[in-house]
Amino acid sequence: MKNIEYTAQNHIAVITLNRPHALNSLDYEMLTELGQIVEKLHTDTSIRAVIFTGAGDRAFCAGADLKERKDLSEAGVRRNVKKILEVLQSVAELPQPTVAAVNGAAFGGGFELLLACDFSFAADTAVMGLTEVSWGIIPGAGGTQRLPRLIGEMRAKELILTARKITAREAFQLGILTGVVPAEEVFAAARKLAAEILHNAPLAVRSAKHAISAGMGTDLKTGLAIEAEAYERIIPTRDRTEALHAFVEKRKPVFTGE
């Protein structure tokens with residue numbers, strides 16, 4: 001991969017946007033590579049958590065590559081917008097818990113990548129926002145839908161319609177971020193949370209994430225049905241019986257994802 005760095009260790013995958021010279025902005029080639037990696041992760045049961053971060057110390061992701069965009073035809077713009085929407089939706093639908101380690105600026109599509117993750121830690125120096133309307137466009141990779149679901153309609157409209165840039169502290173206060181830490185501790189904070197999740201039964205973690213994500217867009221009754229279905233899939237697993245045996249034997253369970 002030319003624009004994406006991928007590593008995997010101890011069941012944790014790390015995806016690094018690797019165009020620091022362009023503030024890790026998303027051109028079509030990078031989006032294609034990112035989409036390929038994320039697609040493979042959907043069926044990789046050896047990976048139990050995924051961390052997204054950016055190369056360098058200036059930016060997590062500055063959004064769409066505007067240098068590329070200015071030379072695109074209208075058809076080319078539509079192609080790119082469709083691609084980023086597809087890729088970030090694929091990120092949001094990953095069965096593994098996802099954590100964004102926001103090491104620097106996160107604007108436009110970079111902010112939308114953060115929103116597509118389950119959790120996000122940002123450097124205390126990071127600045128972020130959905131600034132698209134200041135460029136004559138709108139957020140096109142889930143921003144107008146995920147942000148209001150996260151912080152409420154009024155606050156989301158305020159941020160999007162003003163194209164306001166906010167600090168990491170402000171984002172945390174709004175409920176956008178899981179935590180804010182010194183820049184040199186961002187990745188460690190993301191990995192610590194991922195490692196904490198890894199202590200638990202992987203199939204149960206996946207099922208719980210599915211129940212939450214699928215239920216959020218429904219009424220309570222439908223959500224409870226989704227939860228019951230997710231629970232039903234866990235009952236026959238070996239990890240469930242292993243946890244019960246471990247409790248009786250007063251030891252920590254050894255989960256295998258089966």
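Above this text you will find the structure in question.
Every value quoted in this text rests on a predicted model; they were computed, and no experiment measured them.

### What about the overall build of the protein?
- When its secondary structure is counted, the protein shows 11 helices and 10 strands.
- In terms of overall size, the protein behaves like a compact globule, its C-alpha atoms giving a radius of gyration of 19 Å where 258 residues would be expected to give roughly 18 Å.
- Summarising its shape, the C-alpha atoms of the protein cover approximately 65 × 40 × 35 Å along the three principal directions.
- Residue pairs at least 24 apart in sequence account for 67% of intrachain contacts in the protein once pairs closer than 6 positions are excluded.
- For the protein, the exposed area adds up to about 13700 Å²; of that, 57% sits on carbon and sulfur atoms.
- Separation of charge centres in the protein, based on 30 positive and 31 negative side chains, amounts to 0 Å.

### What about the sheet that holds strand β8 (residues 127–129)?
- With mixed pairing, the four strands of this open sheet are ordered in space as β4-β6-β8-β9. Looking at the sheet topology across the chains shown, the edges are occupied by β4 (59–61) and β9 (166–167).
- Here β8 pairs with β9 via two bridges, running antiparallel. From the neighbouring strand, Met128 faces β9, where its bridge partner is Ile166.
- Lying on the sheet, helix α4 (residues 109–116) is in contact with β4, β6 (105–107) and β8; it crosses β6 at an angle near 95 degrees.

### Notes on the packing of helix α1 (residues 28–41) against helix α3 (residues 74–92)
- One way to put it is that α1 packs onto α3 with a least axis distance of 9 Å and a crossing angle of 25 degrees. Regarding the angle of α1 to α3, the classification is roughly parallel. Crossing of α1 over α3 shows left-handed handedness. Along its contact with α1, which presents Tyr28, Leu31, Thr32, Leu34, Gly35, Val38 and Glu39, the element α3 presents Arg79, Asn80, Lys83, Ile84, Val87, Ser90 and Val91.
- Residues belonging to the contact of α1 with α3 are distributed by class as follows: seven nonpolar, four polar and three charged.

### A closer look at the packing of α4 against helix α5 (residues 143–151)
- α5 packs onto α4 with a crossing angle of 50 degrees between their chain directions and a minimal axis gap of 10 Å. Between α4 and α5, the crossing angle belongs to the class labelled oblique. Where α4 crosses over α5, the two elements pack in a sense that is left-handed. Here Phe111, Glu112, Leu115 and Ala116 of α4 come into contact with α5, specifically with Gly143, Arg146, Leu147 and Leu150.
- A per-class count over the contact of α4 with α5 returns five nonpolar, one polar and two charged.

### What to know about a nonpolar patch on the surface
- On the surface, a nonpolar cluster with roughly 320 Å² of combined accessible area is contributed by Leu66, Trp135 and Ile137.
- Here Ile137 is to be found in the loop between β8 and α5.

### As for the side chain of Asp239
- Here Asp239 lies in helix α11 (residues 238–248).
- Arg48 is the oppositely charged side chain nearest to the buried, salt-bridge-free Asp239, at an N-O distance of 6.7 Å.
- In this view, Asp239 contacts Ala201, Pro202, Val254, Phe255, Thr256, Gly257 and Glu258; residues no more than four positions away in its chain are not counted.

### Some points on the environment of Lys157
- Structurally, the position occupied by Lys157 is in helix α6 (residues 153–162).
- We classify Lys157 as partly exposed; its relative accessible area is 44%.

### Let's talk about the side chain of Lys209
- Tracing the backbone shows Lys209 in helix α9 (residues 202–216).
- Taking the relative accessible area as the measure of exposure, Lys209 reaches 11% and is therefore buried.

### Here's the deal with unusual backbone geometry
- Its identity is not glycine, yet Asn10 carries a phi of approximately 55 degrees, on the positive side.
- Here Asn10 shows up in the loop between β1 (4–9) and β2 (12–17).
- With a phi close to 55 degrees, Ala163 is a non-glycine residue in the positive phi region.

Reading the values: the criteria
Residues numbered from 1 in each chain as written. Predicted model: local features only at pLDDT ≥ 70, side-chain atom pairs only at ≥ 80, totals over all residues. Heavy atoms only, no water. Helix = DSSP H or I, 4+ residues; strand = E, 2+ residues; numbered from the N terminus. Rg over C-alpha atoms; globule rule 2.2 N^0.38 Å. Contact = heavy atoms within 4.5 Å. Areas by Shrake-Rupley, 256 points an atom, 1.4 Å probe, with all protein chains shown as cover. Lys, Arg positive; Asp, Glu negative; His and termini not counted. Charge placed at Lys NZ, Arg CZ, Asp CG, Glu CD. Pairing = 2+ DSSP bridges. Axes fitted to C-alpha atoms, helices over the stretch in contact; angles between N-to-C directions. Parallel < 35°, antiparallel > 145°, perpendicular 65-115°, else oblique. Left-handed = near helix turned anticlockwise from the far one by under 90°. Nonpolar A, V, L, I, M, F, W, Y, C, P; charged D, E, K, R; others polar. Patch = residues over 30% accessible without salt bridge, like charges linked within 9 Å, V, L, I, M, F, W, Y side chains within 5 Å. Salt bridge = Lys/Arg side-chain N within 4 Å of Asp/Glu carboxyl O. Buried < 20%, exposed > 50% of the residue type's maximum accessible area, 1.4 Å probe, protein only.

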